[in-house]
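A closer look at the structure
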Amino acid sequence: MDKIVPAQYQPALPLDKLILQEGAAGAGDRMELDVLIVGAGPAGLACAIELAKLAKVDGTELNIGVLEKAEALGEHSLSGAVVNPRAFRELFPDLTDSDFPFRAPVSKEAVYLLTAERRWRLPTPPSMRNHGNYSGSLCEIVRWLGAKAEELGVHVFTGFPAVQLLVRDTAVAGVRTAAAGLDRDGKPTSAGTPPNDLVAKVTALAEGTRGSLAQAWCQWQRVPSENPQVFALGVKELWETKQPLDRVIHTLGWPLPSDAFGGSFVYPLEPNLVALGLVVGLDYRDAALDVHVLLQWLKQHPLLRELLAGGEMIEWGAKTIPEGGFYSLPARRSGAGVVLLGDAAGFVDVPSLKGIHYAMQSGIFAARAIFQNLKSGAALSEYDRLVNASYIATDLYRTRNMRLAFRDGLYLGGLQAGLMTLTGGRFPGGRYKMHADADVPRRLSPGLRPGSGGTSNGVSKVDAVFKSGNSTRDTIPSHLIAPLDLPVEVARFYSRMCPAGVYEAHDPDVGAQHAAPLLRINAPNCVDCKATDVLGPRWTPREGGSGPKYKRM
């Protein structure tokens, strides 16, 4: 075997388990709402806030609920983040930028091309210019938005993952939450509690990247997209430093191989607090590539070594990012009783490295369409019309092929992206076709090169998971659907692909025929980044409060 194709070993989406008829046996309590929002991120909370405001102005009483799988608001929220304040200004017209939960305005920025020991400063591409934007923590943004929602009477339920869509004929009727207190075999313990059903007139799926219910709805209703969605994996660290940083920095090049798309970011949050991370497209070709290890190598580059000298890494996290852009958007993001928001729909513009304000804007538009639906019976397709007529669709269309051009490698992709920038996306034109990440063949490297395996002189994956605040109980049932038998080369690929050390590959004993499993799964390590769901075993929601407990990511 000289190559592996991850899709050949990936279980199918368990649609039969994700779609459930309303009224099916097995639930404990039942709650009825007017609107149910799944996911308390920027999209879901913006939707709740706008909806509550519309109801207040109209004198209408609406029962709005927001479900969040994290134990507390913000604990599963992670982003770069440099934030465009545009959606904040629309959602809160009576506030000023200084009232918003941002850290600092971007005053300086730089883009570098790196080699192992050197750097060349590049002109900042127009799409990456951040004048007028702000650095920030998505955790803090989410907690602030959550407080605003609760002030308006929105019910925010934390620690309740939605595991199944409740349906009535072809309409979405709500969700069923996860059971809690199960043992490793999935059986209730003395502390166990059954799942609950929440039914609503409209359900908004704002699960974030690679949402399992959004995937299930699109497959169930056969909602296509012109290209499959493609993803990147971002690994991020928060550092207390001895040296201040006065600018936003982005890099490309080393330590990535030339046939992998991605780059790094370094953002100042306080005079001695820096966010840094590495983002790599999951269509990379080297089966031995390890994004976490690559980040550890990056920190040894002269550009970062001096900044981090004497400092301390205080928080770590990881998540996937939808990168397919315009051509990967579902053909519709609304249906009977349901709308898809934010990252769950793919509203991310990779060339500008922005998604938060698109997520919030989609939530605002969804709220307006939902309110009209409840008030007059107007179709929820109004949400699609609003999105398609907005800057969300305009921005994504203008940059529609820029990320896709890098399927041909860094240098040719960079040339094409430059031409697209100069012509507003009109040249070369057409639609660049993409394969799903799991369909991309991966070469089995005969040896190790810096960043593609082995050990690093940075933080280990075990220590990184500790810094994420992960305190998932060890006796929780596994939430990962993995094949029972697979080649050891695939097990090694999984172990490197996962930034949290969830997967361990074990070589078979000499002469033994799979006497022991080749893949060991440490499910409690998982930080819900969803890389596994893109390239390996399927991720499913687990007990509420499991996973990371991010504070300032």
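Residues numbered from 1 in each chain as written. Predicted model: local features only at pLDDT ≥ 70, side-chain atom pairs only at ≥ 80, totals over all residues. Heavy atoms only, no water.

1. Digging into unusual backbone geometry
How we decide: Only DSSP runs of H or I covering at least 4 residues are called helices, and only runs of E covering at least 2 are called strands; the numbering of each starts at the N terminus.
Cis geometry marks the peptide bond from Gly 80 to Ala 81; its omega dihedral reads -5°. Along the polypeptide, Ala 81 turns up in the loop between β4 (64–68) and β5 (82–83). A positive phi angle, near 55°, is found at Arg 222, a position not held by glycine. Structurally, Arg 222 can be placed in the loop between α5 (212–220) and β16 (231–240). The residue Lys 530 is not glycine, and still its phi comes out positive at about 80°. By the element assignment, Lys 530 lies in the loop between β26 (519–521) and α15 (531–535).

2. Overview of the state of the cysteines
What counts is decided by this rule: Here, a disulfide means two cysteine sulfur atoms that sit within 2.5 Å of each other. Each residue's exposure class comes from its accessible area (1.4 Å probe, protein chains only) as a fraction of the maximum for that residue type: buried when under 20%, exposed when over 50%, partly exposed otherwise.
Counting across every chain of the model gives zero disulfides. No disulfide involves Cys 218; its sulfur sits 17 Å from the nearest other cysteine sulfur, which is in Cys 47. Looking at Cys 529, it has no disulfide partner, and the nearest cysteine sulfur is the one in Cys 498, 5.9 Å off. Looking at Cys 529, the relative accessible area reads 6%, which means it is buried.

3. Let's talk about the packing of aromatic side chains
Here is the rule: We call Phe, Tyr and Trp rings a pair once their centres come within 6.5 Å, taking the six-membered ring for Trp, and we label the pair stacked below 30 degrees between planes, edge-to-face above 60, and tilted otherwise.
Within this structure, the stated rule accounts for 16 aromatic pairs. Their ring planes at 80° and their centres at 5.6 Å tell us that Phe 326 and Tyr 327 sit as a pair that is edge-to-face. Residue class for Phe 326 comes out partly exposed when judged on its relative accessible area of 24%. With a relative accessible area of 9%, Tyr 327 lands in the buried category. Note on Phe 326 and Tyr 397: the rings are 5.1 Å apart at their centroids and 75° apart in plane angle, and the pair reads as edge-to-face. Of this pair, Phe 326 sits in the loop between β20 (312–322) and β21 (334–335) while Tyr 397 sits in helix α11 (residues 391–398); the two residues are 71 residues apart in sequence, bridging distant segments of the chain. Judged by its relative accessible area of 41%, Tyr 397 falls in the partly exposed class.

4. Observations concerning the packing of helix α2 (residues 42–58) against helix α9 (residues 356–376)
In plain terms, the rule: Helix axes are fitted to C-alpha atoms over the stretch in contact, other axes to C-alpha atoms as well, and angles between N-to-C directions run from 0 to 180 degrees. Every angle not falling under 35 degrees, over 145, or within 65 to 115 is termed oblique; those three ranges are roughly parallel, roughly antiparallel and roughly perpendicular. For a crossing to be left-handed, the near helix must be turned anticlockwise from the far one by less than a right angle; the clockwise case is right-handed. When checking whether two residues touch, look at their non-hydrogen atoms; a contact exists if any pair is within 4.5 Å.
Relative orientation of the contacting elements α2 and α9 amounts to 40°, with a least axis distance of 7 Å. Here α2 is positioned oblique relative to α9, judged by the angle of their axes. Crossing of α2 against α9: the hand is right-handed. Only Ile 356, Ala 359, Met 360, Ser 362, Gly 363, Ile 364, Ala 366, Ala 367, Arg 368, Ile 370, Phe 371 and Lys 375 of α9 make contact with α2, whose side of the interface consists of Pro 42, Ala 43, Ala 46, Cys 47, Glu 50, Leu 51, Leu 54, Ala 55 and Asp 58.

5. With respect to a nonpolar patch on the surface
The following threshold applies: To count toward a patch, a residue needs a relative accessible area over 30% and no salt bridge; like charges are then connected within 9 Å, while nonpolar side chains (Val, Leu, Ile, Met, Phe, Trp, Tyr) are connected within 5 Å. Per-residue accessibility takes into account occlusion by the displayed protein chains alone, with areas from the Shrake-Rupley method and a 1.4 Å probe. Salt bridge, as applied in this entry: a Lys or Arg side-chain nitrogen positioned within 4 Å of an Asp or Glu carboxyl oxygen.
On the surface, Leu 412, Leu 415, Leu 419, Leu 422 and Phe 427 cluster together to form a nonpolar patch covering roughly 510 Å² of accessible area. Position of Leu 415 among the secondary structure elements: in helix α12 (residues 410–422). Judged by its relative accessible area of 53%, Leu 415 is exposed.

6. Some details on the sheet that holds strand β17 (residues 248–253)
For the record, the criterion: If DSSP finds at least two bridges between two strands, the strands pair.
Strand order in the open sheet formed by seven strands is β8-β7-β17-β18-β19-β16-β20, with mixed pairing between adjacent strands. Unpaired on one side and paired on the other, β8 (119–122) and β20 mark the two borders of the sheet. Going across the sheet, the axis of each strand differs from the next one's by a mean of 20°, ignoring polarity. Bridging between strand β7 (residues 109–114) and β17 involves six bridges; their strand directions are parallel. Residue pairing in the sheet places Ala 110 in a bridge with Ile 249 of β17.

7. Some remarks on the sheet that holds β5
If you walk across this open sheet you meet the three strands as β5-β9-β6, and the pairing is antiparallel. Either end of the sheet is taken by a strand with one partner, and the two such strands are β5 and β6 (104–105). In terms of strand pairing, β5 meets strand β9 (residues 134–135) through two bridges, oriented antiparallel. Opposite Val 83, over in β9, you have Tyr 134 as the bridge partner.

8. Quick notes on the pattern of salt bridges
Throughout the structure, instances matching the rule amount to 31 salt bridges. Two residues, Glu 71 and Lys 549, come together in a salt bridge whose shortest N-O distance is 2.6 Å. Taken together, the residues span a long stretch of sequence, with Glu 71 in the loop between β4 and β5 and Lys 549 in the segment after β27 (538–539) at a distance of 478 residues. On the basis of relative accessibility, which here comes to 47%, the residue Glu 71 falls in the partly exposed class. Residue Glu 75 is joined to Lys 549 by a salt bridge in which the shortest nitrogen-to-oxygen separation is 3.8 Å. A residue pair is termed long-range when its members are at least 10 positions apart, and Glu 75 in the loop between β4 and β5 and Lys 549 in the segment after β27 qualify at 474 residues. Here Glu 75 falls in the buried class, since its relative accessible area comes to 6%. Shared partners join several salt bridges into a network, and the residues in it are Glu 22, Arg 30, Glu 32 and Arg 168.

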